[in-house]
Amino acid sequence: MTRPVRNPDPFFFGYGSLVNRKTHDYPTALPARARGWRRVWRHTSRRPAAFLSVREAPGHQIEGLVAAVPSGDWAALDAREAAYDRLPLAAPDVAHDHPHPITVSIYRTSPAHEAPEAAHPILLSYLDCVVQGFLHVFGEAGADRFFETTDGWDGTILDDRAAPRYPRHVDLTAFERDFVDDRLARLPARIIRG
């Protein structure tokens, strides 16, 4: 009896900016779904702006990417995700098309963190990066699902496109910019210029 081949490298599940392949060079990035989670906007004293996290939500699922962390060297990714804890995901909770069984971790902030507020707004340059990634990987329908499966849209969004504050900001096409602006117009978030 043969055992299934296990990929020796661990994987992460990215559900925000890590969906945008322009922000990293991790190999074997594949579309995936994590069952039992929703995204949520959070902030901590470690960062001046709100950022995406996840919360447990039975019966829900979010889309994202799984990607290999070569040789299990988490140092660079842990530094990038310094405001998060890295948690293991149970194999049945992650759906992907990798040909072999993989071990997957997800980054999450403490559930005790507060919701976004004016002092910790959502950066539009960050949101642009995330949505561009979802458009490229999952198309318009997938980008719409990103908005639908994310909580905390009642906060403040800082329009910093003219001088992006997000360190991994990306250039958007006119279509991508219009897509983001159209979806934001449907949400209760308050947009301020900055």
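Summary of the structure given here. (Residues numbered from 1 in each chain as written. Predicted model: local features only at pLDDT ≥ 70, side-chain atom pairs only at ≥ 80, totals over all residues. Heavy atoms only, no water.)

### Looking at the environment of L184
The topology assignment puts L184 in helix α3 (residues 174–185). When near neighbours in sequence (up to four residues on either side) are disregarded, L184 contacts L124, L127, F147, W153, I157 and I191. (Helix = DSSP H or I, 4+ residues; strand = E, 2+ residues; numbered from the N terminus. Contact = heavy atoms within 4.5 Å.)

### A closer look at the pairing of strand β2 (residues 30–42)
Bridge count for β2 against strand β3 (residues 51–68) is 12 bridges, and the pairing is antiparallel. The partner of R38 across the bridge, within β3, is R55. In this structure, β2 lies alongside strand β5 (residues 94–96), joined through 3 bridges in antiparallel fashion. When the bridges of β5 are listed, A34 appears paired with V94. Bridging between β2 and strand β8 (residues 150–151) involves 2 bridges; their strand directions are parallel. Bridge pairing in β8 links V40 to D151. (Pairing = 2+ DSSP bridges.)

### So, the sheet that holds strand β10 (residues 190–193)
Strands sit in the order β7-β9-β10 across an open sheet of 3 strands; the sheet is parallel. Since the sheet does not close on itself, it has two edges, and those belong to β7 (122–123) and β10, each with one partner. As paired strands, β7 and strand β9 (residues 156–159) are joined by 2 bridges and run parallel to one another. Counterpart to I122 in the pairing with β9 is I157.

### Structural notes on the packing of aromatic side chains
Counted under the stated rule, the structure contains 13 aromatic pairs. Put simply, the rings of W41, Y126, F134, F138, F146, F147, W153 and Y166 pair up and form one aromatic cluster. Directly above the aromatic system of W74 lies the positively charged group of R86, at a separation of 4.1 Å from the ring centroid. Above the ring of F179, the side-chain terminus of R183 is found at 3.8 Å from the ring centroid. (Phe/Tyr/Trp six-rings, centres within 6.5 Å; stacked < 30°, edge-to-face > 60°. Lys NZ or Arg CZ within 6 Å of the ring centre and 35° of its normal.)

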